[in-house]
Each structure stands twice: as structure tokens, then as C-alpha cells.
Amino acid sequence: MELAEARAETEPRAVDRAALLAVDGVTLRFGGVTALQDVSFAVQAGAICGLIGPNGAGKTTLFNCISRLYDPHAGTIVFDGRRLARFARHEIAALGIARTFQNVALFATMTTRDNVRVGAHALARGGFLANALALPFAAREERRLTERAEALIEEFRLGRVADRPVGELPFALRKRVELARALAIEPKLLLLDEPAAGLNHEEVDGLADEIRAIRERRGVAILLVEHHMNLVMRVSDQVVALEFGRVIADGPPEAVRTDPEVARAYLGSAR
Amino acid sequence: MPGPRLTRAIATLAVFALAVAFPFLASGYHVYQGAQVLVLAIALLGLNLLTGFNGQISLGHGAFFAIGGYGAAILTAKLGVPYLLAVPLASLVCFAAGFLFGFPALRFGGLYLALATFALAVAAPQILAWKGFDAWTGGSSGVSLVKPHAPFALPLTTDQWLYFICLVSAALLYVAARNLVASRIGRALIALRDQPIAAETMGVNAALTKTICFGISALYAGVAGALSALAVGFVSPESFGLALSLSFLVGIVVGGLASLGGALFGALFIEFVPSLADQMSGNFGEGAKALPGAVYGVLLIVAMAVMPGGAAGAVRAIMRRTVGS
Ligand SMILES: Nc1ncnc2c1ncn2[C@@H]1O[C@H](COP(=O)(O)OP(=O)(O)O)[C@@H](O)[C@H]1O
Ligand SMILES: [Mg+2]
């Protein structure tokens with residue numbers, strides 16, 4: 001009985017389809033492995049939603065479904081009132097979804113500035129011909145992309161390395177470049193896949209403030225995959241816990257932290 | 001000390017000035033060779049957009065060079081199209097051919113693309129020599145065309161006039177490639193090479209961008225082939241074999257991958273080093289005379305050992321040491 005009460009707040013619930021992001025009944029299998037099983041939850045505009053779960057729980061797979069890198073076998077993902085299944089993966093950015101990658105997927109030979117400018121790619125239209133001929137409208141767009149990049153470079157204190165190829169930068173700096181690059185299209189939803197991985201103590205503390213600040217400044221919703229429980233609990237408005245591809249808890253951070261199912265899932269795993 | 005941008009602008013202008021003066025200082029045959037170098041440089045610019053910037057290997061650009069050459073020859077010699085119109089027309093055909101070829105081929109990517117383009121390079125001379133096309137391509141004997149003379153009674157020899165047509169074309173195509181590479185499209189090309197999934201996530205349409213890039217690169221090869229046909233006055237199947245395609249690849253590597261300025265150096269290399277190798281193998285005595293290929297190979301390896309980033313990489317390294325940081 002006590003257990004039932006404790007779980008009431010974190011019980012997975014019917015999906016709010018009016019939310020900014022509504023994941024509804026998403027299932028995805030890799031051969032015999034069910035990476036996502038009937039996953040449903042919603043993220044409100046401007047909210048920070050932590051997504052936790054042991055390794056292999058399906059967090060990155062879920063990100064890849066939202067990015068349209070994977071096609072779920074069942075279920076729908078609705079973003080801003082639109083079903084994502086109707087869009088190709090290169091159309092997702094323009095809808096207002098940006099992301100970082102678990103293994104930092106920067107364009108290694110390009111400079112910091114150019115990486116951030118690629119992040120803003122979807123804001124411009126000029127094609128091969130317009131740019132080869134340097135038509136005035138293409139040149140204008142180019143200036144706009146560059147201004148956008150400069151603003152982000154300043155905001156994320158990357159000025160010193162703006163002209164350096166990112167492959168040469170230390171890891172923590174590369175992660176900051178990736179964050180700046182993701183924000184270049186002014187997304188409505190930012191997907192962060194383990195932004196604290198590989199960072200030291202102080203850097204993780206700084207990251208928590210950074211994530212809050214990003215949300216305060218832009219009102220962007222953030223879906224945050226992290227293993228650092230403290231970080232997730234500190235910054236999130238809502239936490240969703242996955243285990244073996246299923247949602248086992250969804251609610252306010254405090255409630256999810258003390259949820260017996262979550263405790264069991266984490267005790268059962270290596271951590 | 002001037003900044004790197006200014007230095008580059010000065011260097012570009014100096015090279016251009018030298019190129020303008022060259023046909024008045026050199027003999028007729030050297031002017032003809034100069035035109036060949038410019039033609040090759042155009043093809044290398046295009047292949048470098050594809051391979052250096054976009055990371056797609058083509059072993060078959062000789063085929064697009066051939067389409068450009070035959071296109072110009074057939075248009076001028078058989079259909080009476082003015083040569084200044086025939087060159088752009090032939091290169092548009094090449095763009096279409098590259099786009100259509102790239103569309104299915106790029107789906108496989110990587111080594112499969114290399115194999116598909118390899119097949120193209122092997123097939124091209126055979127198709128051109130095929131009897132069924134005799135009426136248009138002249139079979140194995142090819143097509144002759146009249147070399148265009150300088151108009152308006154300009155005091156230029158035919159070779160000088162053709163040289164200037166090649167020079168203007170190369171300069172324009174160089175500027176277009178520069179613009180492209182410096183733009184969002186150029187960044188998208190590199191992004192697709194470095195990290196394709198992330199690039200798509202940022203809104204780069206991978207399939208379309210890569211296919212158009214293949215088409216553009218074929219277009220450059222087509223312009224080169226068409227100009228070369230005008231300069232030589234003749235096209236025949238055996239000039240467009242696999243060796244030509246491979247020499248383009250050598251040219252962009254020696255010039256420097258993902259560098260446009262290196263195209264000129266790469267073109268000089270593939271125009272002159274093979275005959276240099278011929279001469280050298282002769283100097284090594286009778287025994288080495290049969291081995292120009294081996295000498296060429298050694299020269300190539302030496303070039304790459306001295307300049308691992310190609311000519312452009314070497315220039316960048318020297319600039320860093322003298323100008324910057
Ligand atoms: N591309 C793939 N092919 C096959 N199995 C995969 C693939 N991606 C993920 N998986 C499997 O799906 C499950 C979820 O993985 P993932 O989403 O990476 O977990 P998490 O990010 O939560 O650590 C794991 O069992 C993993 O092995
Ligand atoms: Mg993961």
C-alpha cells in the first residue's frame with residue numbers, strides 16, 4: 001500500500017499531446033533486442049526534462065528516434081503539433097530540434113567558428129549556384145550566419161579558439177563547441193546526450209549552471225540524458241526513468257529520486 | 001608583415017599576372033602546354049571539390065572529361081555550334097551525367113562509389129570506340145575539329161588565343177569554387193565528409209548535396225575536356241582511359257586535398273612529371289630505360305614525403321613559420 005502511494009506521483013501517465021514534445025507508445029527493436037518498449041512521456045515548452053536509466057536503457061536510441069535517425073516500429077512522436085515521422089532527418093533542425101551526441105560529433109577539421117556556422121545551416125537557403133556566384137542574397141545570409149556564430153562564440157567564451165580546428169581542442173572545450181553549435185538554430189528543444197561525460201568535478205558544476213542559464217536566456221526546452229544523478233536532480237523540472245527500454249518512472253525530481261522502482265533499477269545495475 | 005589573407009591575395013594576383021604574361025614570353029609549343037596545364041587545373045578543381053572537400057572518391061573523372069571533349073567536338077564539328085557555346089553546353093551535359101550517375105552511386109558510398117566510378121573509367125573508352133556510335137564518335141579514329149582562331153583580328157596566335165580562353169575559364173571556375181567553399185554549401189560538404197550524421201542533424205540534405213557536388217565536379221571535368229578538345233583539335237577514345245582518371249587523383253593529392261590553390265601545382269605535376277620520368281629513366285642507362293613508370297612512382301613518393309599535405313600543405317606550413325604565430 002505504501003509502495004502504491006509512493007509510486008502515484010511517478011506513475012507513467014497518459015501523454016499530453018499538447019506538450020512541446022509528446023512521445024507516445026514508441027517501440028523500437030534491434031533484431032532480438034527491444035531497445036524501446038511502448039515509451040510514452042511529454043516535455044512542456046521551456047521545461048528541463050532529465051532522462052535517466054542504466055547503460056543500455058535506450059536513452060540514446062530515443063534521441064535517435066526524435067532525430068529521425070531511427071524509425072520506430074510503433075508509436076508516434078509529436079513535436080510542436082507535428083508528427084516527426086512525416087519529416088526527413090535533415091528537416092528536423094528547421095522544426096526547432098537540435099542535439100549533441102554522446103561521443104561528441106564535431107566536424108574535426110573545421111574551425112570552431114565553422115562548426116557553429118554549420119549549426120545554423122538550416123537558417124539559410126542559398127544553394128550551390130547562389131553561393132558559387134556570391135549573389136547578394138547569399139552573401140547577406142552568410143553574414144547573418146556569421147553574426148549568429150560570433151554571438152554564440154562570445155556567449156560560450158570560445159573566442160580564443162574560434163579559428164582553431166576543433167580536432168585540436170581539449171575535450172571539455174569540444175563539448176562547449178558542440179553545445180554552441182546545437183544552439184545556433186535557436187531550437188525550441190535541445191537534446192543533450194551525456195553532456196557531463198568526461199568532465200571533471202568543477203566542470204560538471206559549471207555545466208549545471210550553464211544548462212540552467214541556457215534555459216533562462218532562451219526559454220528552450222531541454223531533454224537531458226545524464227548519469228550524474230546530482231546534476232540531473234539539480235537542473236530538471238521533470239525526470240523520466242528508463243529501464244530496458246521501458247518508462248519506469250516519470251515525475252518531479254524528488255519523487256523519481258526516491259522511487260523504489262528507480263532505486264531497484266540502479267541497484268541492479270553496476271552503479 | 002602582411003596578414004595571411006593579404007599574402008594570399010598578393011600571391012594569387014602574382015600567379016595570375018605571370019599566367020597572363022606567359023604566352024607572350026614562351027614559344028608556341030610551351031603556350032600549348034600551358035593551356036593543357038590550365039585545362040588539367042580545371043579538372044582538378046572539380047575533383048577536389050568532390051574528393052578533397054566532400055570525401056567522395058572518384059576513379060572515373062576521365063569519363064566526364066571525355067564527355068566534355070566529345071561533346072564539344074560533336075557540337076562544333078558535326079552540328080556547327082559556335083565553340084564558345086559548345087563548351088558550356090558540353091559541360092552542362094556533364095553536370096547532368098554526373099548528377100544522374102551520382103544519384104544511384106552515392107547511395108552506396110565509400111569503396112562502392114570508388115568501384116562504380118572505376119567501372120565508368122574502364123568503360124568510357126570502349127563505349128566511345130563502339131561501332132554503334134560511329135556516326136557521332138568516329139569510332140576508334142575519333143573526331144577532328146577546327147582549332148578556333150583569335151577573333152577581331154587580335155594579334156594572337158591560335159595557341160595564344162586558346163590559352164587565354166583556358167586562363168579565363170580557369171580563373172572564373174577558381175573564383176566560383178572559392179566562393180562555394182567559403183559558403184554554407186562548402187561547410188556542408190566538409191561536414192558531410194567529417195561527420196555525416198551530425199551534418200544531417202543540422203539540416204544538411206546529404207543525398208541531394210552529395211549528388212549536386214558530384215554533378216558540379218563532373219561539370220568542371222567537362223569544361224576541362226571541352227577546352228582540351230579545342231586546344232588539341234582532336235578527340236579519340238584512347239586519350240580518355242583509366243590512366244587519365246588516375247592522374248587526376250594524383251593531381252589533387254600532390255596539389256593538396258581540400259585546397260583549391262594546389263590545383264595549379266597538381267596540374268603542373270601531372271603534365272610534366274611523367275615526361276620528366278621518361279627522360280630520367282633514359283639517363284639511368286639502358287637498363288632503366290624501360291622503367292619510366294617506376295621512376296614516376298619514385299618521384300611521386302618523394303613528392304609526398306617532402307610535402308605530406310601536398311603543395312598547399314607545404315605552403316601553409318611555410319606561411320605559419322614566417323607569417324603567423
Ligand atoms: N544501432 C544499434 N544496433 C543494435 N543494437 C543497438 C543499436 N543502438 C543501440 N542498441 C541497443 O539498444 C539498447 C539501448 O541502447 P542505447 O540507447 O544506446 O542505451 P543508453 O543510451 O540508454 O545507454 C542496448 O541494448 C543497445 O545495445
Ligand atoms: Mg547512450
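So, how was this worked out
- Residue indices follow the written sequence of each chain, beginning from 1 at its first position.
- Chain labels run from A onward and ligand labels from 1 onward, assigned in the order the entries are written.
- Note on the predicted model: pLDDT of at least 70 is required for a residue's local features to be given, and 80 or more for side-chain atom pairs to be given and counted; whole-chain, interface and lining totals, by contrast, use all residues.
- Only hydrogens and water are removed before side-chain values are computed, so all heavy atoms of the structure are retained for them.
- Comment: elements are numbered from the N terminus, with helices defined as DSSP H or I runs of at least four residues and strands as E runs of at least two.
- Each radius of gyration reported is based on C-alpha atoms, and the globular scaling rule is 2.2 Å times the count of residues to the power 0.38.
- Summary of the burial criterion: residues with accessible area below 20% of their type's maximum are buried, those above 50% are exposed, and those between are partly exposed, where the area comes from a 1.4 Å probe applied to protein chains only.
- Residues are treated as being in contact if the distance between any of their heavy atoms lies within 4.5 Å.
- For the area figures, the Shrake-Rupley method with a 1.4 Å probe applies, and any residue is considered shielded solely by the protein chains shown.
- Working convention for charge: Lys and Arg count positive, Asp and Glu count negative, and His plus the chain ends are omitted.
- Charge positions come from single atoms, namely NZ of Lys, CZ of Arg, CG of Asp or CD of Glu.
- With water omitted from the atoms examined, metal sites may look incomplete; donors here are N, O and S atoms no farther than 2.8 Å from the metal, or 3.2 Å in the case of Na, K and Ca.
- The pairing test for Phe, Tyr and Trp rings, Trp by its six-membered ring, is centres within 6.5 Å, and the orientation test on the planes gives stacked under 30 degrees, edge-to-face over 60, and tilted for anything in between.
- Note on criteria: charge over ring means Lys NZ or Arg CZ within 6 Å of the ring centre, with the direction from the centre no more than 35 degrees off the ring normal.
- When DSSP finds at least two bridges between two strands, those strands are taken to pair.

Trainee: Explanation requested: the overall build of chain A in the structure shown.
Mentor: Counting its regular elements, chain A contains 11 helices and 10 strands. The C-alpha radius of gyration of chain A comes to 19 Å, within 12% of the 18 Å expected for a compact globule of 271 residues. For chain A, the residues scored as buried account for 56% of the 271 residues in total. Contacts spanning at least 24 positions in sequence make up 68% of the contacts within chain A whose residues lie at least 6 apart. As displayed, chain A has an accessible area near 11900 Å², and 52% of this comes from carbon and sulfur atoms. Of the side chains in chain A, 35 bear a positive and 36 a negative charge, and the two mean positions are spaced by 6 Å.

Trainee: Quick question: what am I supposed to make of the coordination of the magnesium ion (ligand 2) here?
Mentor: In ideal tetrahedral geometry, four donors around a metal make angles of 109.5 degrees, whereas ideal octahedral geometry with six donors gives angles of 90 or 180 degrees. All names here are of chain A. The magnesium ion (ligand 2) binds to the protein through Thr 60 (OG1) and Gln 102 (OE1); the donor distances cover 2.0 to 2.1 Å. Here Thr 60, found in helix H2 (residues 59–66), pairs with Gln 102, found in the loop between strand S6 (97–99) and helix H4 (112–119); they are 42 residues apart in sequence, far enough to count as distant. Judged by relative accessible area, which is 26%, Thr 60 ranks as partly exposed.

Trainee: Can you help me understand the packing of aromatic side chains in this one?
Mentor: We describe a pair of aromatic rings using the distance from one ring centre to the other and the angle between the two ring planes. With the rule as written, the count across this model stands at 13 aromatic pairs over all chains. Judged by centre distance (5.8 Å) and plane angle (40 degrees), the rings of Phe 22 of chain B and Tyr 163 of chain B are tilted. Taken together, the residues Phe 22 of chain B in helix H1 (residues 4–25) and Tyr 163 of chain B in helix H7 (residues 158–181) connect sequence positions 141 residues apart. A relative accessible area of 3% means that Tyr 163 of chain B is categorised as buried. An aromatic cluster is present here, built from Phe 22, Phe 24, Tyr 163 and Phe 164 of chain B joined pairwise through their rings. In this arrangement the basic side chain of Arg 181 of chain A is found over the ring face of Phe 107 of chain A, its NZ or CZ atom lying 4.7 Å from the centre.

Trainee: Mind showing me how you'd approach the sheet that holds strand S5 (residues 82–83) of chain A here?
Mentor: Strand-to-strand pairing in sheets goes through backbone hydrogen bonds, with the strands running parallel or antiparallel. Residue and element names in this part refer to chain A. As summarised here, the arrangement of the four strands in space is S2-S1-S4-S5, forming an open sheet in which the pairing is antiparallel. Two strands in the sheet have a free side with no partner beyond their single neighbour: strand S2 (33–43) and S5. Where strand S1 (residues 21–30) meets S2, seven bridges bridge the pair, whose relative direction is antiparallel. Its bridge partner lying in S2, Arg 29 is registered against Thr 34.

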